[in-house]
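Spelled out, the chains give:
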Amino acid sequence: MVISFERENCSNLNIAESREWLVTNGIGGYASGTITNLLTRRYHGLLIATLQPPLERTLLLTKLDETAGYKEENYPLYCNRWADGTINPEGYQQIESFNLEGTIAVWKFTFADAVLEKRIWMEQGENTTYIHYNLLSGSQPLNLAIKALINHRDHHHNTSASDWEIRIEKTNKGVCVKPFPKATPLYLLTHPQIDDKTLVSTPANDWYYGFNLAVEKYREQQELEDHLHAVTFNAQLEVGKSLTIVASTKENPTTNGEQALASRRAYEQEIIQKFATAQTRQPEEKNPLCRLWKTLTQKKPKFSAPTPEWIDQLVLAGNQFIVDRKSPKHPDGKTIIAGYHWFEDWGRDTMISLPGLTICTGQLNVARSILQTFAKYVDQGMLPNRFPDSGATPDYNTVDATLWYFEAIRAYYEATEDDQLLAELFPVLAEIIDWYRRGTRYNIQLDTEDGLIYAGEAGSQLTWMDAKVDDWVVTPRIGKPIEISALWYNALQIMDKFAQKLGKDNLDYERLSRLIKENGFARFWNQEGGYCYDVIDTPNGNDASLRPNQIFALSLPPTGKYSYAPLLTAEQEKQVMDICTHKLLTPYGLRSLASDDPEYKGVYGGDIYQRDGAYHQGTVWGWLIGAYAVAHLRIYNNPAKAEELLKRMAEHLMVHGVGSISEIFDGNEPMTPRGCIAQAWSVAEVLRAWSVINQVN
């Protein structure tokens, strides 16, 4: 799929400033902005470096303001919105086109008879950003003046002008900038080098005041920020020649833009090739998805059609979330960033995302590393919910992250039959089951009467519906949430099979599973409503709110050797599908609450109380479309219809975070995308669902 915007859209400010691009470096750092190059978020910048990978993300280079001098005219190629709301200059009017080459952001600027191309990408594994200019055509050389605006602050914060003791020192390839003595050095290097007669640099130390960040204003956050003009580069470009500006925390990165660009393209091609290999048909007896289709239809699956381009684009988008989390025990440790721009690596998001981002894409070594990395953080039977940016002790306030860990391991093992890793992780999994049975943090414990897990206490938010502002827990869900019960049953079934595989005692897992199937889960059925209660045994009785969490009771049962009896009857499953389709389904996912509920909030916006008050009270979540599509395939045996459910996401790749999938959408029409411009589980679940459907379509 070609992600491309032509002049009519690039010159339309409303459109172009609402489309954001993202490039990443595989260790947690990123660069991001709008098509217009207009700053609208505190998270926009050309180098947001990760100083303690994958965290401590720090804005170092904010932007480059370029002016092209050509035929005695000056053409600004940048634009800024100032405190009073004015746009000056209006350089976006020079943009002929914007497109993505993989994840590489590409602009073409035209003025007079000249065409200037600009590319931005990052080096994998380094805090290094490349900004590459190439004069494609023209009738004379072009003079390019580039102002480098810098900063040095946490990517969540804002900067007001201060008396920094800035130091700018020349190096053999550029300059080294230190805003203050303890700051991480920022190297601004060039190719060709600045001692070339056609390229010079001029130090500066000027604050630019009052950049107006429109999206932060919408979010009722601090909307004004100041940035420091540190240096200006002046270059003369001949037709067919190029200039590369390299921004890095590394003193000697590769500066040759053509070499670095070729390396990036080769890396992305390798990612696509791994995915293509993973999608190649396996023999029927070794492919659980083929077994599913044969079970459902008694037909032999056909070979799939070529992968759609939009799916290839999603594979590259998904790879942006996979980052390093190294440790002495796991020097090659990996994890998954939950979303850009502001999320860290959350345990829940990582485990939900792992099958789609790593197994479906053929990156099985990455999946293995993530599973091993998180195993060492298991504490009192719980996986961390999140790793704070400050590097402090992880937060263990989630009941479901640990249960999704079982499903991630099952998916990995079914794809690899990696007996060595299974033997390594089985004691960790057995210990988790024991902790959940006898009780762990936040009143998480087994109810021996029905075999279900009870969780929660006042002031806590343990499920994925975890919005909390100060002391206000928006959806506490204390009791027995339905998806936790489905996940717990799934984990017990997995442990039953794993124990048998390893020659260990499986009787307790089998007994608990049977108790849930025969007694416990039936308590969720709301006969009057014709769907499942969202939470049972709450302090106020059973919660009949119509929410999407019941869909996991339909989508979780795996196939093949790990299949098990569904938790609901066939009639109940179809009733759940029907009501979720009628009340919750949208083109971009499922609403978190039915729109006819008195607590429904259809628009996500305003201050943090308003936003978090709507977060799980009607807001649409993109990641839920994956479970819904898989459940639809299982219940209705209609692969074409199941695949059709995903295709609106292809159109969405042209909106918000171009080339990726947003975190959330308004529940009300037109279902404007909100939240993170790129969300790991949104991308992952579409890839996973597409892969499941494609294997049987």
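Anything mentioned here points back to the structure above.
A separate point is the pattern of salt bridges. Under the definition given, this model contains 41 salt bridges. Taking the shortest distance from any N to any O, the salt bridge between Glu-216 and Arg-42 comes out at 3.5 Å. You can see Glu-216 sitting in helix α3 (residues 214–218) and its partner Arg-42 sitting in the loop between β3 (30–34) and β4 (45–52), a full 174 residues away along the chain. This pair shows no difference in class: Glu-216 is buried, exactly as Arg-42 is. The salt bridge involving Arg-634 is made with Glu-573; its shortest N-O contact spans 2.9 Å. Remark: Glu-573 occurs in helix α14 (residues 570–583) and Arg-634 occurs in helix α16 (residues 624–636); sequence separation between them is 61 residues. The structure contains a network of salt bridges with shared partners spanning Asp-447, Asp-450, Lys-480, Arg-523 and Asp-537.

Let us look at the packing of α14 against α16. At a closest axis distance of 11 Å, the pairing of α14 and α16 adopts a crossing angle of 135 degrees. Taken together, the axes of α14 and α16 lie oblique to each other. Here α14 runs over α16; the crossing is left-handed. Each of Glu-573, Lys-574, Met-577, Asp-578 and Thr-581 in α14 lies in contact with α16, whose residues at this interface are Tyr-628, Ala-631, His-632, Arg-634, Ile-635 and Tyr-636.

So, about the packing of aromatic side chains. Evaluated as defined, the whole model comprises 31 aromatic pairs. Each ring, one from Trp-464 and one from Trp-621, has its centre 5.1 Å from the other, and the planes form 85 degrees; the classification is edge-to-face. With Trp-464 in the loop between β24 (453–454) and β25 (468–469) and Trp-621 in strand β34 (residues 620–621), the pair connects residues that are 157 residues apart, well separated along the chain. Neither Trp-464 nor Trp-621 differs from the other in exposure class; each is buried. Judged by centre distance (5.4 Å) and plane angle (25 degrees), the ring pair of Phe-552 and Trp-623 falls under stacked. Linking Phe-552 in helix α13 (residues 552–555) with Trp-623 in the loop between β34 and α16, this pair joins segments that are 71 residues apart in sequence. An identical accessibility class is assigned to Phe-552 and Trp-623; each is buried. Grouped by ring-pair contacts, the aromatic residues Trp-404, Trp-464, Phe-552, Tyr-604, Tyr-615, Trp-621, Trp-623 and Trp-681 constitute a single cluster. Its end group placed over the ring of Trp-107, Lys-118 keeps NZ or CZ at 5.1 Å from the ring centre.

On to the pairing of strand β5 (residues 55–70). Regular strands have side chains that alternate between both faces of the sheet. Burial runs high along β5: 14 of the 16 residues are buried. Connecting β4 to the antiparallel partner β5 that follows it, the hairpin turn spans 2 residues. Where β5 meets strand β13 (residues 142–154), 10 bridges bridge the pair, whose relative direction is antiparallel. From the neighbouring strand, Leu-59 faces β13, where its bridge partner is Arg-153. Bridging between β5 and strand β6 (residues 73–76) involves 4 bridges; their strand directions are antiparallel.

Along its 16 residues, helix α9 (residues 401–416) runs 22 Å from first to last C-alpha, staying within 8% of the 22 Å computed at 1.5 Å per residue. Counting buried residues along α9, 14 of its 16 residues qualify, which places the element largely inside the surrounding structure. Once α9 finishes, Glu-417 follows within two positions and takes phi at roughly 50 degrees, a positive value.

With that settled, consider the sheet that holds strand β30 (residues 535–538). Spatial ordering of the open sheet is given by β27-β30-β31, a layout of 3 strands whose pairing is antiparallel. The outermost strands of the open sheet, each flanked by one partner alone, are β27 (480–481) and β31 (541–543). Both β30 and β31 contribute to a ladder of 2 bridges, which runs antiparallel. The residue of β31 that forms the bridge with Val-535 is Asp-543.

For Lys-178, the position within the fold is in strand β15 (residues 174–178). Dropping the residues within four chain positions of it, Lys-178 is found in contact with Glu-165, Ile-166, Arg-167, Ala-183 and Pro-185. At 2.8 Å, the side chain of Lys-178 forms a polar contact with the backbone oxygen of Pro-181.

About the thresholds
Residues numbered from 1 in each chain as written. Predicted model: local features only at pLDDT ≥ 70, side-chain atom pairs only at ≥ 80, totals over all residues. Heavy atoms only, no water. Salt bridge = Lys/Arg side-chain N within 4 Å of Asp/Glu carboxyl O. Helix = DSSP H or I, 4+ residues; strand = E, 2+ residues; numbered from the N terminus. Buried < 20%, exposed > 50% of the residue type's maximum accessible area, 1.4 Å probe, protein only. Axes fitted to C-alpha atoms, helices over the stretch in contact; angles between N-to-C directions. Parallel < 35°, antiparallel > 145°, perpendicular 65-115°, else oblique. Left-handed = near helix turned anticlockwise from the far one by under 90°. Contact = heavy atoms within 4.5 Å. Phe/Tyr/Trp six-rings, centres within 6.5 Å; stacked < 30°, edge-to-face > 60°. Lys NZ or Arg CZ within 6 Å of the ring centre and 35° of its normal. Pairing = 2+ DSSP bridges. Expected span 1.5 Å × (residues − 1). Polar contact = N/O pair within 3.5 Å; in protein donor to acceptor, adjacent residues only side chain to side chain.

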